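Residue-level structure breakdown
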Amino acid sequence: MSFVSISRAVFYVAVAFVLSGCEEDVTAVVGTEHPFSMWGVLNPLSDTQYVRVFPIEGTLNRGEPLPLDARFVSTDLETGEEQLWRDSVLVDERGIVGHVFYAPLTVDYQHTYALAITGGHGATASTEVEVPIRTTLTLVEPDTSVGVILPGLVLNNPPRLVRNELTFGASYIRGFTDGGCPLYVYRQYSVSYDDRIREREDGWWFVVNLREVHGFVETRALEDPFYLPPFGITFGFLRFDTIVANEAWNPPNGIYDPNVLVEPGTLSNVENGFGFVGAGYRLSRTWTLLNHVVEKSGFRADYVSC
């Protein structure tokens, strides 16, 4: 498991920022009797859960490559089942020691888990994490009455969606070989759809305008001095990605700014400690489009051959 990624899970904000090189900022919490900070994500699609733990100390140090003198336990509050977690000691290239507690555990949708870590000194940091509802991402039939509109719906009203992205790929000709064969260049782009997804009674709704996607790619192709516009742009793929998150994952003012979130206590759900443990999982769907739908958007559906 990577030292940078604590959970193989899904979130991209404070957790990734903090664990990718800001250990000193997290552990340098003075003037507090809190024993630990915790950072992680419970993922119902994973058979193993991970939480990164920092002992809170008054001075900066690299740490000893030994397990923490601590007991980490999770409890499913719906069933009462308890799970003891183990400490995985990691040392990065700078010699800084990290602690990732893990357990062979599949968390259940809509269950709440209590996580508690107790040090040898008897102090405990704890949190409760609710796993969001199970859902699916459904793609609706394209509407070609005006342009090409591709609707999508995330069902079952999950509490929160994080990092909504549209990713698409396309190819265009930027010259020919001596034998007359086209030289294609392939480009892939990702754009945020956070401001284009709306909650309604049956779930979260979004629409993709494929003509708009074509215009986006064309604008960038025209920046290439070797692009040959008469041959058009060949459609590659279109994919929508989102992260279904629990309600607690709610940054100040709804903005995921690592410069703000890195401050202790800014986004925290840990009692007698610092940090944040959320829950969620990734959803992704790729469109399969008929040739006439692709061509109505302005894309080519096929490649120019020799």
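Here the structure is a predicted model, which means the values were calculated and not measured. (Residues numbered from 1 in each chain as written. Predicted model: local features only at pLDDT ≥ 70, side-chain atom pairs only at ≥ 80, totals over all residues. Heavy atoms only, no water.)

Regarding the environment of Gly-119
In plain terms, the rule: Numbering goes from the N terminus for both helices and strands, where a helix is a DSSP run of H or I of at least four residues and a strand is a run of E of at least two. We call two residues in contact whenever any of their non-hydrogen atoms come within 4.5 Å of each other.
Note that Gly-119 resides in strand E6 (residues 112-119). Between the alpha carbons of Gly-119 and Phe-36 there is a distance of 8.6 Å; along the sequence they are 83 residues apart. Beyond its immediate chain neighbours, meaning those up to four positions away, Gly-119 contacts Phe-36, Asp-69 and Ala-70.

Topic: the sheet that holds E6
For clarity, the threshold we go by: Only when DSSP finds a minimum of two bridges between them are two strands counted as paired. Axes, fitted as lines to C-alpha atoms, cover a helix only where it is in contact. Angles between the N-to-C directions of the axes lie from 0 to 180 degrees.
Read across the open sheet, the 11 strands follow the order E7-E6-E3-E4-E5-E2-E1-E15-E14-E10-E11; overall the sheet is mixed. Of all strands in the sheet, those bounded by a partner on one side alone are strand E7 (124-130) and strand E11 (182-192). Strand after strand, the sheet turns through a mean of 25 degrees between neighbouring axes, direction not considered. Relative to strand E5 (residues 97-103), strand E2 (residues 49-55) runs antiparallel, the two sharing 5 bridges. Bridge pairing links Arg-52 to Val-100 in E5. Seen against the sheet, helix H3 (residues 210-221) touches strand E10 (160-176), E11 and strand E14 (233-245) and runs at an angle of roughly 115 degrees to E14.

Topic: the packing of aromatic side chains
The condition that has to hold: Note on aromatic pairs: the rings of Phe, Tyr and Trp (six-membered ring only in Trp) are paired at centre separations within 6.5 Å, and the planes decide the class, stacked below 30 degrees, edge-to-face beyond 60, tilted for the rest. Note on exposure labels: buried denotes an accessible area under 20% of the residue type's maximum, exposed denotes more than 50%, and partly exposed covers the range between, all computed with a 1.4 Å probe on protein chains only. Definition used: whenever NZ (Lys) or CZ (Arg) falls within 6 Å of the ring centre and also within 35 degrees of the ring normal, the charge is taken to sit over that ring.
Following the criterion strictly, the structure yields 15 aromatic pairs and no others. Judged by centre distance (5.8 Å) and plane angle (40 degrees), the ring pair of Phe-168 and Tyr-189 falls under tilted. Residue Phe-168 is found in strand E10, and its partner Tyr-189 is found in strand E11; the two are separated by 21 residues along the sequence. Ring geometry for Trp-249 and Phe-276: centres 4.3 Å apart, planes at 75 degrees, overall edge-to-face. Separated by 27 residues along the polypeptide, Trp-249 in the loop between E14 and helix H4 (258-261) and Phe-276 in strand E15 (residues 273-286) bring together distant segments of the chain. Taking the relative accessible area as the measure of exposure, Trp-249 reaches 0% and is therefore buried. The class of Phe-276 is buried, set by a relative accessible area of 1%. Geometry around Tyr-193 places Arg-196 over its ring, the cationic atom sitting 4.9 Å from the centre. One Lys or Arg, Arg-220, reaches over the ring of Phe-216 and ends 3.6 Å from the middle of that ring.

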